[in-house]
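Notes for the structure review
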There are 2 protein chains.
Amino acid sequence: MRMITLDEVVSLLKENDCFKLLTHSYPDGDTLGGAFALAYALRKLGKKANVAVNGAVPSKFRYLVKNYTEQDFVPAYIVSVDVAAMSLLGDSVMEGVDKIDLCIDHHRTNSVAAEHVYVDGDAAAASETVWQIIGMLGVEPDEDIAGCIYTGISTDTGCFCYTNTTPRTHRIAAEVIPYCDWQSINYINFVVKTRAKIRMERMIYDTMEFYAGGKCAVVYTTLAMQMALGAGDDEMEGLANIPRQVEGVQMGITMREKEGGVFKISVRTNDGINASEFCKQFGGGGHPAASGCSIEGDLGTVKKMLVDAAEAFL
Amino acid sequence: MRMITLDEVVSLLKENDCFKLLTHSYPDGDTLGGAFALAYALRKLGKKANVAVNGAVPSKFRYLVKNYTEQDFVPAYIVSVDVAAMSLLGDSVMEGVDKIDLCIDHHRTNSVAAEHVYVDGDAAAASETVWQIIGMLGVEPDEDIAGCIYTGISTDTGCFCYTNTTPRTHRIAAEVIPYCDWQSINYINFVVKTRAKIRMERMIYDTMEFYAGGKCAVVYTTLAMQMALGAGDDEMEGLANIPRQVEGVQMGITMREKEGGVFKISVRTNDGINASEFCKQFGGGGHPAASGCSIEGDLGTVKKMLVDAAEAFL
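The residue numbering used here restarts from 1 in each chain and proceeds along that chain's sequence as written. Here chains are named by letter from A upward and ligands by number from 1 upward, in the order in which they appear as written. Restriction of local features to residues with pLDDT of at least 70 applies here, the model being predicted, together with a cutoff of 80 or more for giving and counting side-chain atom pairs; totals for whole chains, interfaces and linings are based on all residues. With hydrogens and water excluded, all non-hydrogen atoms of the structure serve as input to the side-chain values.

To continue, consider the overall build of chain A. Here a helix means four or more residues in a row that DSSP labels H or I, a strand means two or more in a row labelled E, and each is numbered from the N terminus. Per the secondary structure count, chain A includes twelve helices and twelve strands. What the globule rule says is 2.2 Å times the number of residues to the power 0.38, and the radius of gyration is computed from C-alpha atoms. For 314 residues, the compact-globule estimate of 2.2 N^0.38 gives 20 Å, and the C-alpha radius of gyration of chain A, at 21 Å, lies within 12% of that figure. Seen along its three principal axes, the alpha-carbon backbone of chain A occupies a region of about 60 × 40 × 40 Å. Surface exposure here means Shrake-Rupley accessible area, sampled with a 1.4 Å probe, where a residue is shielded only by the protein chains that are shown. If you sum the accessible surface of chain A, you get close to 12,900 Å²; carbon and sulfur atoms cover 51% of it. For chain A, the distance from the average position of its 28 positive side-chain charges to the average position of its 41 negative side-chain charges is 3 Å. His is not counted, nor are the chain ends; Lys and Arg add positive charge and Asp and Glu add negative charge. Charge positions are represented by NZ for Lys, CZ for Arg, CG for Asp and CD for Glu.

A word on the pairing of strand S4 (residues 77–81) of chain B. Residues and elements named next belong to chain B. Judged by how many residues are buried, S4 sits mostly within the fold: five of five residues are covered. Burial classes follow relative accessibility: with a 1.4 Å probe on protein chains only, a residue under 20% of its type's maximum area counts as buried, one over 50% as exposed, and anything between as partly exposed. Of the two faces of S4, the one carrying Tyr77, Val79 and Val81 and the one carrying Ile78 and Ser80 are both buried. Each pair of strands is called paired provided DSSP finds at least two bridges between the two strands. Pairing between strand S2 (residues 19–22) and S4: four bridges, direction parallel. Counted as the bridge partner of lysine 20 is isoleucine 78 from S4. The pairing of S4 with strand S5 (residues 100–105) spans three bridges and is parallel. By the bridge assignment, serine 80 is partnered in S5 with cysteine 103.

In low-pLDDT regions, the fine details of the predicted coordinates are not to be read closely. In predicted models, pLDDT denotes the confidence assigned by the predictor to each residue on a 0 to 100 scale. Scored by pLDDT, chain A comes out at a mean of 94, with 100% of its residues at no less than 70. In the predicted assembly, ipTM is 0.90 and pTM is 0.90.

Right, let's get into the relation of the copies chain B and chain A. Our superposition of the copies is a least-squares fit, built on the C-alpha atoms of residues whose pLDDT is at least 70 in both. After a rotation of 180° and a shift along the axis of 0.3 Å, chain B superposes on chain A with an RMSD of 2.3 Å. This pairing of chains is accounted for by a two-fold axis. Both copies share a contact surface, since 97% of the interface residues of chain B are interface residues in chain A too. Throughout, a contact is declared for two residues whenever any of their heavy atoms are within 4.5 Å.

Let us now look at the sheet that holds strand S2 (residues 19–22) of chain A. Residue and element names in this part refer to chain A. In space, the six strands of this open sheet follow the order S1-S6-S5-S4-S2-S3, with parallel pairing throughout. The open sheet has two edge strands, strand S1 (2–3) and strand S3 (49–52), and neither has a second partner. Where S2 lies against S3, four bridges are found, and the strand directions are parallel. Within S3, the residue paired with phenylalanine 19 across the bridge is alanine 49.

All names here are of chain A. One way to put it is that helix H1 (residues 6–15) packs onto helix H4 (residues 126–136) with a least axis distance of 10 Å and a crossing angle of 60°. In this structure, H1 crosses over H4, and the sense of that crossing is right-handed. Counting all contacts with H1, which are made through Leu6, Asp7, Val9, Val10, Leu13 and Lys14, the residues of H4 involved are Thr129, Gln132, Ile133 and Met136. Each residue receives one of three labels: charged for Asp, Glu, Lys and Arg, nonpolar for Ala, Val, Leu, Ile, Met, Phe, Trp, Tyr, Cys and Pro, and polar for the others, Gly being one of them. Split into classes, the residues belonging to the contact of H1 with H4 amount to six nonpolar, two polar and two charged. In this description, a line fitted to the C-alpha atoms serves as the axis of each element, helices being fitted only across the stretch in contact, and the angle between N-to-C directions of two axes falls anywhere from 0 to 180 degrees. For any helix crossing, the convention is left-handed if the near helix is rotated counterclockwise from the far helix by under a right angle, and right-handed if that rotation is clockwise.

Another point: helix H12 (residues 299–313) of chain A. Residue and element names in this part refer to chain A. For H12, which comprises 15 residues, the first-to-last C-alpha distance of 21 Å matches the rise-based estimate of 21 Å (1.5 Å per residue) to within 8%. Regarding H12, the residues found buried are Val302, Lys303, Leu306, Val307, Ala309 and Ala310. Viewed along the axis of H12, the buried residues span an arc of 165°, placing them on a single side of the element. Along H12, the residues that are exposed and aim more than 90 degrees away from the buried face are Lys304 and Ala312. The inward-facing, buried residues of H12 contact strand S7 (209–211), strand S8 (216–221), strand S9 (251–258), strand S10 (262–269), helix H11 (275–280) and strand S12 (290–296). In the analysis that follows, any N or O atom pair within 3.5 Å is treated as a polar contact, provided that within protein one partner can donate a hydrogen and the other can accept it, and provided that, for residues neighboring in sequence, both atoms belong to side chains. At the N-terminal boundary of H12, the capping side chain belongs to aspartate 298, with an oxygen 3.1 Å from the backbone nitrogen of glycine 300. Each residue after the first adds 1.5 Å to the expected span of a helix. The directions from the helix axis to the C-beta atoms are what the arc is built from.

What follows is the structure in structure tokens.
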């Protein structure tokens with residue numbers, strides 16, 4: 001395994017053919033946007049390239065593949081895009097893959113076992129790096145490529161709101177939006193809410209309780225609530241951001257009941273409070289401002305455990 | 001009154017001194033950001049410049065003026081920033097103003113009676129134009145100027161999400177964020193919510209009704225609701241975006257009761273529905289996707305007028 005430069009990445013892509021591009025499980029806008037953008041670009045160079053997705057492309061991201069059809073060839077060069085660890089590569093994605101030739105990522109914690117690795121920890125999204133690569137490959141952008149890149153950088157930055165956004169992120173957005181229907185992409189990813197999602201958000205607000213003198217806000221969803229509202233996974237998305245948005249809250253805790261008497265806990269923090277440290281106490285972890293863990297037990301017991309820990313922690 | 005070029009705007013600003021910069025009523029991030037950025041820039045050129053705000057600067061925008069102190073001089077040159085119509089200039093702002101020398105705006109419907117007018121309908125925010133002007137004036141950006149410009153363009157574009165965003169908007173963001181604490185600005189404008197605001201949002205959802213086969217959603221707030229929740233103007237901000245977020249909604253109408261039996265109407269549209277055209281019917285206007293008007297009458301009457309018009313319009 002060797003860390004390489006962006007020039008070397010471009011050389012490797014130019015020298016090789018018959019690419020299989022790997023995306024991570026529970027695929028998001030960046031792993032899909034980056035991988036499909038790279039596939040479209042390699043195909044424009046006359047090369048063969050397919051993208052391997054674990055399961056189907058989520059319905060909200062179907063627009064990324066409207067002009068994509070699987071090509072028939074034996075993969076010869078394997079590239080992972082936005083994959084931080086081997087454990088995030090689903091079995092279906094790894095089918096027939098014995099080694100990863102190139103890893104393109106932006107997670108500083110990247111631990112993928114690949115022959116060549118390029119990780120730009122300053123990139124808000126892996127799609128930022130893919131856009132640089134596409135330019136260095138001399139490929140002219142088109143609607144497919146631009147739409148994929150815009151999706152990757154906009155979803156990974158919460159539409160240029162999160163602190164990982166940089167001047168380069170905005171410059172790339174300025175370069176790609178003339179080529180794609182970014183308005184529709186924003187509508188799909190940042191605007192539209194189903195009525196079920198709105199009902200779920202309102203119910204979530206009804207559960208909100210404050211602790212530690214208002215520095216901790218706790219909300220929860222139960223299977224019964226989800227059932228009553230006919231809310232699927234799409235409706236549950238983004239709920240973890242609600243409690244930390246409240247004025248004065250430094251730690252927002254979202255408890256989501258899953259099958260089997262387990263609560264999936266999401267912790268979001270402000271003001272430099274370390275969510276990862278907090279979740280470690282319960283065998284979890286993640287990023288300093290966004291972490292999680294799982295706790296078995298009934299609602300009251302699990303909530304009390306979390307609240308007691310939060311009041312001790314803050 | 002004469003439409004002039006950006007070069008002429010810059011010349012006029014260079015030739016004159018003792019500026020009074022006018023902002024519109026219910027000041028938002030763009031009128032404040034644009035006006036204060038221009039004031040800071042003119043002061044860096046050794047000129048005198050004050051900003052006139054109708055009432056106090058809203059608490060959430062206090063960071064724009066942390067290094068601003070009123071200067072003592074007799075105004076000699078009056079400039080309006082982001083003001084679309086004379087009716088949007090409050091009495092306190094117009095105190096001692098007999099004529100407006102220069103109008104800088106981005107509303108295509110601009111009707112301000114000024115000697116010289118510069119309207120860039122392609123600018124997502126008046127602050128985009130102000131940033132161009134500051135560059136042409138040869139003023140080096142600093143944290144105050146950059147923070148004001150970032151505030152103007154980010155708030156008028158919903159953090160680069162709305163359809164008025166352009167490549168230039170992103171390029172300007174790339175230019176200003178190295179100079180200012182844009183992360184804190186985003187937290188203030190796009191993340192944090194007061195408990196009163198959350199209560200108000202929930203109450204707003206309770207008022208939501210659908211018309212035109214679900215293509216039109218209408219919500220309202222009354223003075224009584226505002227009083228009951230202890231919600232100030234800060235809490236009322238952003239409510240206009242709630243109805244158009246619902247799946248299938250093309251036109252979201254927000255009715256806000258003001259003193260004196262008047263409702264301030266905000267219209268937000270998707271799918272290219274022209275909100276400005278719709279609001280013209282009621283003597284209002286604005287942008288294609290975000291417009292407003294004022295209608296006198298009681299809740300039921302005003303709502304029926306709007307709903308009938310919407311069903312005919314959609």
